[in-house]
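Chains, contacts and geometry: an overview
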Amino acid sequence: MAKEITKPFTGIGDLLSKLNSESKLLTEMYHYRARLEFSYSHALELASSEKRLQMLIEYGILHRDGDNLEIDELFLRFFEEVLPVSYTHLRAHETRSNL
């Protein structure tokens, strides 16, 4: 279940700006989404600043649980719907179905 957003976006431009501001971090978190943990300290190494990382949390894009972070469920589902499945992922399914 998605958690309550602390700050609302002012429009689509604001949303896109927030996502783009930390694209390196969000890309890595999305790529490794199957991991059980993504630490706040590792996210801080990828983020341009702690202030920007906190902004992603305040806008509900990321959620923090102790030292762990995760992408919000709604954002994760959206990314999974609109982003292409990787070639490696497709090959894994193809190989499994041929067994």
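Further up the page is the structure itself.
Residues numbered from 1 in each chain as written. Predicted model: local features only at pLDDT ≥ 70, side-chain atom pairs only at ≥ 80, totals over all residues. Heavy atoms only, no water.

1. Brief notes about the pairing of strand S2 (residues 68-71)
Of the two faces of S2, only one is covered, namely that formed by Leu69 and Ile71; the face formed by Asn68 and Glu70 stays uncovered. Bridging between strand S1 (residues 62-65) and S2 involves four bridges; their strand directions are antiparallel. Directly across from arginine 64, in S2, lies its bridge partner leucine 69. As consecutive antiparallel partners, S1 and S2 are separated by two residues, and within that stretch glycine 66 has a phi angle of approximately 65 degrees, a positive value. (Buried < 20%, exposed > 50% of the residue type's maximum accessible area, 1.4 Å probe, protein only. Helix = DSSP H or I, 4+ residues; strand = E, 2+ residues; numbered from the N terminus. Pairing = 2+ DSSP bridges.)

2. So, the environment of asparagine 68
Within the fold, asparagine 68 resides in strand S2. Spatially, the C-alpha atom of asparagine 68 lies 5.4 Å from that of tyrosine 40, the residues being 28 residues apart in sequence. Setting aside anything within four residues of it in sequence, one finds asparagine 68 in contact with Glu37, Phe38, Ser39, Tyr40 and His63. (Contact = heavy atoms within 4.5 Å.)

3. Brief notes about the packing of aromatic side chains
Each aromatic ring pair is described using two quantities: the centre-to-centre distance and the angle formed by the ring planes. Summed over all chains, the structure comprises five aromatic pairs. One aromatic cluster in this structure is built from Phe9, Tyr30, Tyr59, Phe75, Phe78 and Phe79. Above the ring of tyrosine 30, the side-chain terminus of arginine 33 is found at 3.9 Å from the ring centroid. (Phe/Tyr/Trp six-rings, centres within 6.5 Å; stacked < 30°, edge-to-face > 60°. Lys NZ or Arg CZ within 6 Å of the ring centre and 35° of its normal.)

4. Comments concerning the side chain of aspartate 14
Inspection of the secondary structure puts aspartate 14 in helix H1 (residues 12-21). Since its relative accessible area comes to 14%, aspartate 14 is described here as buried. Within the structure, the side chain of aspartate 14 is placed 2.5 Å from the side chain of lysine 18, a separation counted as a polar contact. Sequence-distant contacts of aspartate 14, defined by excluding residues within four places in its chain, comprise Pro8, Phe9 and Tyr59. (Polar contact = N/O pair within 3.5 Å; in protein donor to acceptor, adjacent residues only side chain to side chain.)

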